[in-house]
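Survey of secondary and tertiary structure
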Amino acid sequence: MKQTPHYISPHEVTAAWTASAGGRVVRVVVDAMGGDRAPVEVVRGALQAAGPELHVVLVGDEAVVRPLVPVGTGNVSFVHAPDVIGYDEEPAWAARNRTDSSIVIGLKLVHTGEADAFVSAGNTGAVTAGALLYVRRIRGVQRPAICTIMPCMPYPIAFLDVGANAEYKPDHLHQFAVMGSLFAREVMGIADPTVGLLSIGEEPTKGTPEVIEAHRLIAADPHVHFYGNVEGRDIMNRVVDVVVTDGFTGNVALKTIEGSAKGILSAINQTIHINLGTKLGGLLLRKHLMVLKDALDPNEFGGAVLIGVSAPVIIAHGSSTARGVAQAVRMGRRAVVSDLLPAISAELGTAPAHV
């Protein structure tokens, strides 16, 4: 009889993000002005994450941000940024011209070595464009990708690209497979992650010409544990540990899955409240339903990594609560103290970087 896989709580995945790094203090810049709930929830989350080995640098309008931090709070500093990039601004223009913004000033702190990682729940495009301008790619990486942790049962998966590259080449997908595999290993703790390429069929000949060629490239790479093609229905069924696709397809799939998860949880909640009998049944199932809700909560992982740039850049959910921001900051620290960046450099660093 086939046994049901052991459920791994998201807390078991993220617990390692707060483990001691031998006394090393990691400096994480937080864009205090970015996000739907900024600055209050962003600052609250940053303070929750701050500690002896995690120093938070809050970047934003100091007159607004400083009063949100209790007097005497340790492991926190401030950098004034009078400007904010809005969600509706053209990303590349804003990254180049809004140099007094919290996003640009924060990324420049990482570029100059005054900080180790950057976190923002603000304009995703501006963060991506700014990271390419100021933090820059790891040598050999052709295109950075946005890599998110997708809540699944019984264990989350890595999913990339979910928004950085609407246009792509087979080589890009190949590199995403390498970087996604290393992310799953170093950040998520999966020892030998399997990688699947998202397509319209399992056969190697299915998909666009770019996907077919990418399949050939990934299959020929001895450093990638390649499963083969996977379909959309396989993502949440957790056929593989890492799912690779282009940024357009990945973003649509991610938001479809997030919306479906919310719809299912809402339907379950409505069903429980139909009558007294269903309410009693709901009480009996409450513990197990909370496990399901917990497993599908994107706040547990905080955000996504712009993987392939020379320092960790974390793109938090725009609607992040304090808990989500705190987890994004901890993810940034994890990416710094792990071997993620050295491993990417070792795997991809021999190829000349080009756009």
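The structure this text deals with has already been given above.
Residues numbered from 1 in each chain as written. Predicted model: local features only at pLDDT ≥ 70, side-chain atom pairs only at ≥ 80, totals over all residues. Heavy atoms only, no water.

Focus on the pattern of salt bridges
Under the counting rule described, the total for this entry stands at eleven salt bridges. R44 serves as the salt-bridge partner of E41, at 2.4 Å between the closest nitrogen and oxygen. Placement of both E41 and R44 in helix α2 (residues 40–49) is noted, with a separation of three residues, approximately one turn of the helix. A salt bridge links R233 to E231, with the nearest nitrogen and oxygen atoms 3.2 Å apart. Here the residues in one salt-bridge network are D83, E89 and R98, joined through shared partners. (Salt bridge = Lys/Arg side-chain N within 4 Å of Asp/Glu carboxyl O. Helix = DSSP H or I, 4+ residues; strand = E, 2+ residues; numbered from the N terminus.)

Focus: the side chain of N123
Mapped onto the secondary structure, N123 falls in the loop between β4 (117–120) and α6 (124–135). Side-chain polar atoms of N123 contact the backbone oxygen of E89, separated by 3.4 Å. From its side chain, N123 meets the backbone nitrogen of G125 in a polar contact 3.0 Å long. (Polar contact = N/O pair within 3.5 Å; in protein donor to acceptor, adjacent residues only side chain to side chain.)

Points about the pairing of strand β8 (residues 225–230)
Sheet topology note: the strand β7 (residues 194–198)/β8 ladder contains five bridges and is parallel. Directly across from L198, in β8, lies its bridge partner V230. Handedness of the crossover joining β7 and β8 through helix α8 (residues 209–219) is recorded here as right-handed. (Pairing = 2+ DSSP bridges. Right-handed = clockwise from strand over helix to strand, strands pointing away.)

Section: α8
Within the span of α8, buried status applies to V211, A214, H215, L217 and I218. All buried residues of α8 lie within an arc of 170° about the axis, which places them on one face of the element. Considering only its buried residues, α8 is in contact with α7 (170–186), β7 and β8. (Buried < 20%, exposed > 50% of the residue type's maximum accessible area, 1.4 Å probe, protein only. Arc of directions from axis to C-beta. Contact = heavy atoms within 4.5 Å.)

So, the pairing of strand β11 (residues 313–316)
Residues V313 and I315 line one face of β11 and the alternating positions I314 and A316 line the opposite face, and both faces are buried. In this structure, strand β10 (residues 303–307) lies alongside β11, joined through three bridges in antiparallel fashion. Across the sheet, G303 pairs through a bridge with A316, a residue of β11.

Looking at a nonpolar patch on the surface
On the surface, a nonpolar cluster with roughly 340 Å² of combined accessible area is contributed by L276, L280 and L283. Structurally, L280 is set in helix α11 (residues 276–295). (Patch = residues over 30% accessible without salt bridge, like charges linked within 9 Å, V, L, I, M, F, W, Y side chains within 5 Å. Areas by Shrake-Rupley, 256 points an atom, 1.4 Å probe, with all protein chains shown as cover.)

Quick look at the packing of helix α5 (residues 102–111) against α6
In helix packing, the relevant descriptors are the interaxial angle and the interaxial distance, both defined with respect to the helix axes. One can describe the packing of α5 onto α6 by two numbers: an axis separation of 9 Å at closest approach and a directional angle of 35°. When you trace α5 past α6, the crossing you get is right-handed. Seen from α5, the contacting residues are I103, V104, L107, K108, V110 and H111; seen from α6, they are A126, V127, G130, A131, Y134 and V135. Each residue belonging to the contact of α5 with α6 can be placed in one class, and the counts come to nine nonpolar, two polar and one charged. (Axes fitted to C-alpha atoms, helices over the stretch in contact; angles between N-to-C directions. Left-handed = near helix turned anticlockwise from the far one by under 90°. Nonpolar A, V, L, I, M, F, W, Y, C, P; charged D, E, K, R; others polar.)

A few points about the nonpolar core
In this structure, L58, F183, V244, I307, V329 and I344 are the most contacted members of the largest nonpolar core, which totals 64 residues. Per-element accounting of this core gives the leading share, eight residues, to α7. Beyond its immediate chain neighbours, meaning those up to four positions away, I344 contacts I138, V141, M179, L182, I307 and G349. Formed by 39 residues, the second largest nonpolar core is a distinct cluster that contains L107, A126, M150 and V240. (Core = buried A, V, L, I, M, F, W, Y, C linked by side-chain atoms within 4.5 Å.)

A look at the side chain of S120
With respect to the element layout, S120 can be found in strand β4. With relative accessibility at 1%, the residue S120 sits in the buried group. Within the local environment of S120, its side chain forms a polar contact with the side chain of D31, the two groups lying 2.7 Å apart. Engagement of the side chain of S120 in a polar contact is seen with the backbone nitrogen of G122, the distance being 2.9 Å. Look past the residues within four positions of S120 in its chain and what remains in contact with it is D31, I103, V127, I314, I315 and A316.

A closer look at the packing of α7 against α8
Packing of α7 against α8 leaves a shortest axis separation of 8 Å and a crossing angle of 45°. Of the possible angle classes, the one that applies to α7 and α8 is oblique. Here α7 runs over α8; the crossing is right-handed. Mapping the contact onto sequence places P170, D171, L173, H174 and A177 in α7 and E210, V211, E213, A214, L217 and I218 in α8. Looking at the contact of α7 with α8 residue by residue, the class counts come to seven nonpolar, one polar and three charged. (Parallel < 35°, antiparallel > 145°, perpendicular 65-115°, else oblique.)

By themselves, these figures tell us nothing about what the structure is for.
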